[in-house]
Amino acid sequence: MIRTDLAEIITSFAKALDLSSNGIAYHHQTVALIALAIAEQLEIPGHDRDTIFLSALVHDAGIRTQGEVGGLLVFEDKNPFNHCKQGYEIFSPSTLLHSLAHIILHHHDRWKGPNPSGLTGNEIPIASNIIYLADRVSALMHREEFVLNRSHEIVKTIVQSVGTMFNPLAVDAFVEVAKKDSFWLDVQTEFIVESITRKKPRQMVTLSVQELTELVSCFSRVIDSKSPYTHMHSVTVASVAGFLARKLGFSEYEQAMIKVAGYLHDVGKIAIPDSILNKPDKLTDQEYSIMKKHAYYSYALLQNIPGLELVLAWGPTHHEKLDGSGYPRRLKGGEISLGARIMAVSDIFTALIEDRPYRAGLNKEGCLAIMKELGDSNHLDQLIINLVEQYYGSLLMIKEQIFPITAAAQCGYPKF
Ligand SMILES: [Fe+2]
Ligand SMILES: [Fe+2]
Ligand SMILES: [Fe+2]
């Protein structure tokens, strides 16, 4: 069992989404704070209010393309249902996040309809009504203009759509909270991090390994969907690392945690522009520097989550090298734990057998030749490379069971 803070996990993920090139700066955190203020004004009870806040923090996780972002920046949102559905599909497999998934599915439903979801008026969850309103307020805020100079205009625009786009109850509550300067100033860029820290609920939960795995799988789906070439990367790294950890005598608990570390090792990639992640050619030095940021971001995003200390120690360290030439912290030799070494080998092994924009996945000889070079140059742990060689067939089967290699290049973005 793992004792952790569900709200801290979701907040960290929201921060990752807000770092994304696909995101709008601080969009998720802004919408969460606005939605919370409306929910408080409506005197929605504590647990439901927390659920609204947490749903708002990840409401646009289903967005895949820059085009979808553009469509949502205009007040009259165009074709938003696709990302609502994708958001639902990301979170609904987790029993813990199922209620969030349902709210996210309806977060662009117009009060009067018609909606592709089939619901109108009171059939739509009020949590979704509130997030929709908060989301549209966020779309009307222009970061380059001081918010108090725009607030009257924003309120006017929202009120004009009462009963058509928005639930009248939610609009009344918004009009009330919008009278306070503090409501607007809380979501200013200078204060938003403090506002989120101050207002986020603390939700200490005791999770089974299964529940934690389901939860982090949701996030790995978002990470991996950033690129058709890595669409199953984190899942595969997790399974490969779990297999190698078992062979190296890790306990059942440690095997589970190294799998969780595998799911999350590249969480910082959410912040890397798609143009770099999916570049069909080799990266330039400048692009490579940007790509390297992901390991630091993974560390920064995981560091405040209680109960995931092993995940923090083993996941974001996957680009460290034994000779001290890795990143982001240039750890060396004994500073790199066995778990971190397993993660590094699992990541490289998986990357080598996967297709990339600039090359097809390597065969056994090609893969092992590169891994041996990395062992000889004291980048990776030779003992673990030997295990990869010994169990190559089993490891390849893990990959093929997760997703057939032959289909990988054709499938594009995942259908969850
Ligand atoms: Fe949205
Ligand atoms: Fe949004
Ligand atoms: Fe990585």
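Position labels on residues start from 1 in each chain and follow its written sequence. All chains are assigned letters beginning at A, and all ligands numbers beginning at 1, according to the order in which they are written. Only residues with pLDDT of 70 or above have their local features reported here, since the model is predicted, and side-chain atom pairs are shown and tallied only from 80 upward, although totals for entire chains, interfaces and linings are computed over all residues.

## Examining the environment of Thr-157
Secondary structure elements follow DSSP: runs of H or I of four or more residues count as helices, runs of E of two or more count as strands, with numbering from the N terminus. Tracing the sequence through the fold places Thr-157 in helix H8 (residues 151-160). On the neighbour-count criterion, Thr-157 (15 C-beta atoms within 10 Å) is partly exposed. Residues Thr-157 and Pro-306 lie 149 residues apart in sequence; the distance between their C-alpha atoms is 42 Å. Working definition of a contact: two residues with C-beta atoms, positioned from the backbone, lying within 7 Å. In this structure, Thr-157 is in contact with Phe-75 and Leu-140, ignoring residues within four places of it in sequence. To sort residues by exposure, count the other C-beta atoms lying within 10 Å of each residue's C-beta; 20 or more gives buried, 12 or fewer gives exposed, and values between give partly exposed, all with C-beta atoms placed from the backbone.

## Description of helix H16 (residues 285-302)
Multiply 1.5 Å by the residue count of a helix minus one, and that product is the helix's expected span. For H16, with 18 residues, the first-to-last C-alpha span of 27 Å sits near the 26 Å given by 1.5 Å per residue. Within H16 the residues assigned to the buried category are His-294, Ala-295, Tyr-297, Ser-298, Leu-301 and Leu-302. Along its buried surface, H16 packs onto helix H1 (6-19), helix H14 (252-264) and helix H17 (309-314).

## A look at unusual backbone geometry
Geometrically, the link from Gly-113 to Pro-114 is a cis peptide bond, its omega value of -5° lying close to zero. Summarising the element assignment, Pro-114 is placed in the loop between helix H6 (98-105) and helix H7 (126-140). Note the cis peptide between Tyr-327 and Pro-328, where omega equals 5°. Note that Pro-328 resides in the loop between H17 and helix H18 (338-353). Even without being glycine, Glu-43 reaches a positive phi, approximately 55°.

## Regarding helix H3 (residues 46-57)
Quick reminder: α-helices carry 3.6 residues per turn. Residues three or four places apart thus point the same way. Compared with an ideal rise of 1.5 Å per residue, which puts 12 residues at 16 Å, H3 spans 17 Å between its outermost C-alpha atoms and is within 8% of the ideal. When H3 is considered as a whole, its buried residues turn out to be Arg-49, Thr-51, Ile-52, Phe-53, Leu-54, Ser-55, Ala-56 and Leu-57. The inward-facing, buried residues of H3 contact H1, helix H2 (27-41), H6 and H7.

## Topic: the domain arrangement of the protein chain
Structurally, the protein chain comprises domain 1 (2-199) and domain 2 (208-411). For domain 1 and domain 2, the distance between their C-alpha centroids amounts to 33 Å. Across the contact, 23 residues belong to domain 1 and 23 residues belong to domain 2. The set of elements that each furnish at least two residues to the side of domain 1 that touches domain 2 consists of strand S1 (2-5), H1 and helix H5 (81-91). With eight residues, H1 is the single largest residue contributor to the side of domain 1 that touches domain 2. Note on residue classes: Ala, Val, Leu, Ile, Met, Phe, Trp, Tyr, Cys and Pro are nonpolar, Asp, Glu, Lys and Arg are charged, and everything else, Gly too, is polar. Its residues assigned to classes, the side of domain 1 that touches domain 2 comprises 12 nonpolar, six polar and five charged. Segmentation of the chain into domains, including their bounds, is taken from an automatic or database domain assignment.

## Points about the nonpolar core
Note on definitions: a nonpolar core is a set of buried residues drawn from Ala, Val, Leu, Ile, Met, Phe, Trp, Tyr and Cys, linked by C-beta atoms within 7 Å. Of all hydrophobic cores here, the largest spans 106 residues; its most connected members are Ala-35, Ile-38 and Leu-133. Sorting elements by how many residues they give to this core places H2 first, with nine residues. Each of domain 1 (2-199) and domain 2 (208-411) gives at least three residues to this core. What Ile-38 contacts, discounting residues up to four positions off in sequence, is Ile-130, Leu-133, Ala-134, Ala-170, Ala-173, Phe-174 and Val-177.

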